[in-house]
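Chain by chain, the residues:
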Amino acid sequence: MTDSLPANHKALVQEVYAKPLVVKSIPTPRPTPGSAVIEILHAPIISYTRDVYNGKRKYPYPTPLVTGASAIGRVAATGPDATLLKEGDLVYFDCTIRGRDDSSAIILAGIAESGTEGSRILFHGEWRDGTFAEYAKVPLENVFVLDEKRLCGKPADGGLGYQLEQMSWLLQVLVPYGGLKSIGLQAGETVIVAPATGGFGSAAVVIALAMGARVIAMGRSAEKLADLKALSSRVETVQMTGELGSDVAALKKFGKINAFLDISPAEAEGSTHFKAAILSLAPEGRVSLMGGLLNDVAIPHRFVMRFDITLRGKWMYSRADILSLIDMMTAGVLNFRDIVNIRGTYNLEDWEKALELAANSGKLGELVVFSP
Ligand SMILES: NC(=O)c1ccc[n+]([C@@H]2O[C@H](COP(=O)([O-])OP(=O)(O)OC[C@H]3O[C@@H](n4cnc5c(N)ncnc54)[C@H](OP(=O)(O)O)[C@@H]3O)[C@@H](O)[C@H]2O)c1
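A quick note: this is a predicted structure, and the numbers were derived from the prediction, not measured. (Residues numbered from 1 in each chain as written. Predicted model: local features only at pLDDT ≥ 70, side-chain atom pairs only at ≥ 80, totals over all residues. Heavy atoms only, no water.)

## Some points on helix 5 (residues 199–210)
Because an α-helix completes one turn every 3.6 residues, residues spaced three or four positions apart along the sequence face the same direction. When the terminal C-alpha atoms of helix 5 are compared, their 17 Å separation across 12 residues agrees well with the 16 Å that a helix rising 1.5 Å per residue should span. With 12 of 12 residues buried, helix 5 lies mostly within the body of the structure. Within the span of helix 5, buried status applies to Gly 199, Phe 200, Gly 201, Ser 202, Ala 203, Ala 204, Val 205, Val 206, Ile 207, Ala 208, Leu 209 and Ala 210. At the C-terminal side of helix 5, Gly 212 shows a positive phi close to 95°. (Helix = DSSP H or I, 4+ residues; strand = E, 2+ residues; numbered from the N terminus. Expected span 1.5 Å × (residues − 1). Buried < 20%, exposed > 50% of the residue type's maximum accessible area, 1.4 Å probe, protein only.)

Now the structure itself:
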C-alpha cells in the first residue's frame, strides 16, 4: 500500500561533501521488490556524527546524501515480495547493508562505503540514503520486527517498559556484540574492554555482562569507570596510566583473562592500553580488533606467537547477530531500559544542536536521537 505515503517528506541532506547539512523536502521513496519504506520514529545520533559529516573523519560517501544510520520505525509500505513485514509493524532498521550476491560487499547506508567495487555499486545505486528523514526505503532483510507488546508494555502486564527512543540504543550495543561473538566469548569468561568509557565501549560492557562474562573495563576517567563498576559485581575496572608495566600488573591482578575487545578511536593511537591488554591475556586468548585506528599498530609478536593468541578483525556484525541480540533483549537477558538515558530528542531543523549534544555525550547509556 503506497497510497498512504505522502508525495514528499523532510530529510536532513548533505548536498556537497563536508558542507553544512540542510533540511529539504524531497520525494518520498516508493517500495520496490526487495525493499520496504519505513516511517522513521527515532534515529540515534552516535557521538562522532558531527565529525563524519564535517569531513573530519574522512568517511567515504557520495553526495547528495540523506544523512543518518539505523533507526526505530514503523513499516509504512512494503515491496511485493515481503513475506513477514506488515504495515504498522514496529521495527529496527539496521544500516549495515550487504550485497545480496556477495555478503562481503558492505555499506553503512547514510554514512560510509567500504572501499570495494561492490560497496561502491551498492552506495551509488539502490541503497544510499540514511534515516535522518521522515521516511527511508531500505532492504527487507535489514528490517527487524520488534515485539512491541513485550518490549514497551508495562511491567505489570508482562512488558519490559522500554520507551521507543531507548530502543535505538540497539545500534550501539550491536557493534560490540558482533566483535564479542566473532571471538566466541562464553559465559564465565573474562574479557577486557578498552577503552570502555565511550559510546560503543560502554555498550560493550553491558552486552558482555548479558553474555555472561566478567568484564575488566579500562579507561582514562575514574568517574566514568565508577559508573561502569556500578553496573554489576562482575565488572572490574583499570584506570589507564600510560605506563605499560603498571597497566599489565593492574589487569593481571584479576586472574585469568580470556579475551580483549579493542574499540579504540583514532585519537587513542599510541596509547599503551592496546599492548597492555594483549600482554595480559592467558594462553589461547582472543582479541577482537574493532577500533577505528587509521595507522598500523605494533603487535607484541613474540607474545602472540608463544601463547597462541588469536587476533580477529571485525567490522559491524551479521544479520544472525541482529536476530540473536533482539532475542536477548526480548527475553530480558539483555536489559538496557534502566541504563539508556535520552539526553535529547530533536527535530531535523535543530540538527546543529543535536549533533553538538551528541558530541558531548557518549558516556554509558547516553543517547541523543532525531525524532523526525
Ligand atoms: N569495527 C566496527 O564495526 C566499529 C563500529 C563503530 C565504531 N567503531 C570504532 O570505535 C571507536 C570508538 O567508539 P566509541 O563510541 O567508544 O567512541 P567515543 O564515544 O568517541 O569514545 C571514545 C573512547 O575512546 C577513549 N579515548 C579517546 N582518546 C583516547 C586516548 N588518547 N587514549 C585512550 N583512550 C582514548 C575515550 O575515553 P574518555 O572517555 O576518557 O574520553 C572513550 O572511551 C570509533 O571511533 C570507531 O572508529 C568501530
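## As for the UniProt feature "domain: Alcohol dehydrogenase-like N-terminal" (unreviewed entry) in the protein chain
Within this structure's numbering, the places UniProt gives as "domain: Alcohol dehydrogenase-like N-terminal" (unreviewed entry) are residues 33–145. Secondary structure across residues 33–145 divides into 12% helix and 35% strand, with the first and last C-alpha atoms of the span separated by 19 Å. (UniProt positions renumbered as here; feature names shortened; annotations may be inferred.)

## Let's talk about the sheet that holds strand 9 (residues 112–113)
Hydrogen bonds between backbone atoms are what pair the strands of a sheet, whose relative direction is either parallel or antiparallel. A sheet is described by the order of its strands in space; here 3 strands give the open sequence 7-8-9, paired in antiparallel fashion. Each edge of the sheet is formed by a strand with only one pairing partner; in this case those strands are strand 7 (96–98) and strand 9. Here 3 bridges tie strand 7 to strand 8 (residues 106–108), and the two strands are oriented antiparallel to one another. Bridge pairing in strand 8 places Thr 96 opposite Leu 108. Helix 2 (residues 117–124) rests against strand 7, strand 8 and strand 9 of the sheet, and its axis sits at about 45° to strand 8. (Pairing = 2+ DSSP bridges. Contact = heavy atoms within 4.5 Å. Axes fitted to C-alpha atoms, helices over the stretch in contact; angles between N-to-C directions.)

## Examining the site of the ligand
As a structural note, the neighbourhood of the ligand is formed by 24 residues, with Thr 197, Phe 200, Lys 224, Met 290 and Met 316 the closest of them. The side chain of Ser 47 places a nitrogen or oxygen atom 2.9 Å from an oxygen atom of the ligand. Measuring from a nitrogen atom of the ligand, one finds a backbone N or O atom of Glu 267 at 3.2 Å. Protein coverage of the free-state accessible area of the ligand, which is 930 Å², stands at 84%. Partitioned by chemical class, the residues of the shell around the ligand number 11 nonpolar, 8 polar and 5 charged. Lining the shell around the ligand are residues from two domains, each supplying at least three of them: domain 1 (8–162 + 337–370) and domain 2 (172–313). (Near = heavy atom within 4 Å. Polar contact = N/O pair within 3.5 Å; in protein donor to acceptor, adjacent residues only side chain to side chain. Areas by Shrake-Rupley, 256 points an atom, 1.4 Å probe, with all protein chains shown as cover. Nonpolar A, V, L, I, M, F, W, Y, C, P; charged D, E, K, R; others polar. Domains from an automatic or database assignment.)

## Here's the deal with the packing of aromatic side chains
Considering all chains together, one arrives at 8 aromatic pairs under this definition. With a centroid separation of 4.6 Å and 40° between ring planes, the pair formed by Tyr 17 and Tyr 61 is classed as tilted. With a gap of 44 residues between them, Tyr 17 in the loop between strand 1 (8–14) and strand 2 (22–27) and Tyr 61 in the loop between helix 1 (49–53) and strand 4 (65–66) connect regions that are remote in the sequence. Considering the side-chain rings of Tyr 162 and Phe 336, the 5.2 Å spacing of their centres and the 65° angle between planes classify their relative orientation as edge-to-face. Taken as a pair, Tyr 162 in the loop between helix 3 (148–152) and helix 4 (170–182) and Phe 336 in the loop between helix 10 (319–331) and strand 18 (341–346) lie far apart in primary sequence, 174 residues in all. Across the pair, Phe 336 and Tyr 162 agree in class, each one buried. Against the face of Tyr 48 rests Arg 57, its NZ or CZ located 3.6 Å from the ring centre. (Phe/Tyr/Trp six-rings, centres within 6.5 Å; stacked < 30°, edge-to-face > 60°. Lys NZ or Arg CZ within 6 Å of the ring centre and 35° of its normal.)

## Re the UniProt feature "domain: Alcohol dehydrogenase-like C-terminal" (unreviewed entry) in the protein chain
Residues annotated in UniProt with the feature "domain: Alcohol dehydrogenase-like C-terminal" (unreviewed entry) correspond here to residues 200–329. Helix makes up 40% of residues 200–329 and strand 18%. Its end C-alpha atoms lie 17 Å apart.

## Focus on the nonpolar core
The nonpolar side chains of a soluble globular protein tend to be buried with one another. With 98 residues, the main nonpolar core has Tyr 92, Leu 146, Leu 170, Val 205, Ile 207, Leu 334 and Phe 370 as its most contacted residues. With 9 residues, helix 5 is the largest single contributor of residues to this core. Both domains that meet at this core, namely domain 1 (8–162 + 337–370) and domain 2 (172–313), each give it at least three residues. Apart from the residues within four sequence positions on either side, Tyr 92 is in contact with Ser 70, Ala 71, Ile 72, Asn 142, Val 143, Phe 144, Leu 146, Leu 170, Leu 171, Leu 174, Tyr 317 and Ile 322. (Core = buried A, V, L, I, M, F, W, Y, C linked by side-chain atoms within 4.5 Å.)

## Describing the pairing of strand 12 (residues 190–194)
With 5 of 5 residues buried, strand 12 lies mostly within the body of the structure. Residues of strand 12 alternate between two faces, with Thr 190, Ile 192 and Ala 194 on one and Val 191 and Val 193 on the opposite face, all of them buried. In this sheet, strand 13 (residues 214–219) lies alongside strand 12 in parallel orientation, the contact comprising 4 bridges. In the strand pairing of strand 13, Val 193 is matched with Ala 217. Crossover handedness for the path strand 12 to helix 5 to strand 13: right-handed. Pairing of strand 12 with strand 15 (residues 259–262), which is carried by 4 bridges, proceeds in the parallel orientation. Note on strand 15: the bridge partner recorded for Ile 192 is Phe 260. (Right-handed = clockwise from strand over helix to strand, strands pointing away.)

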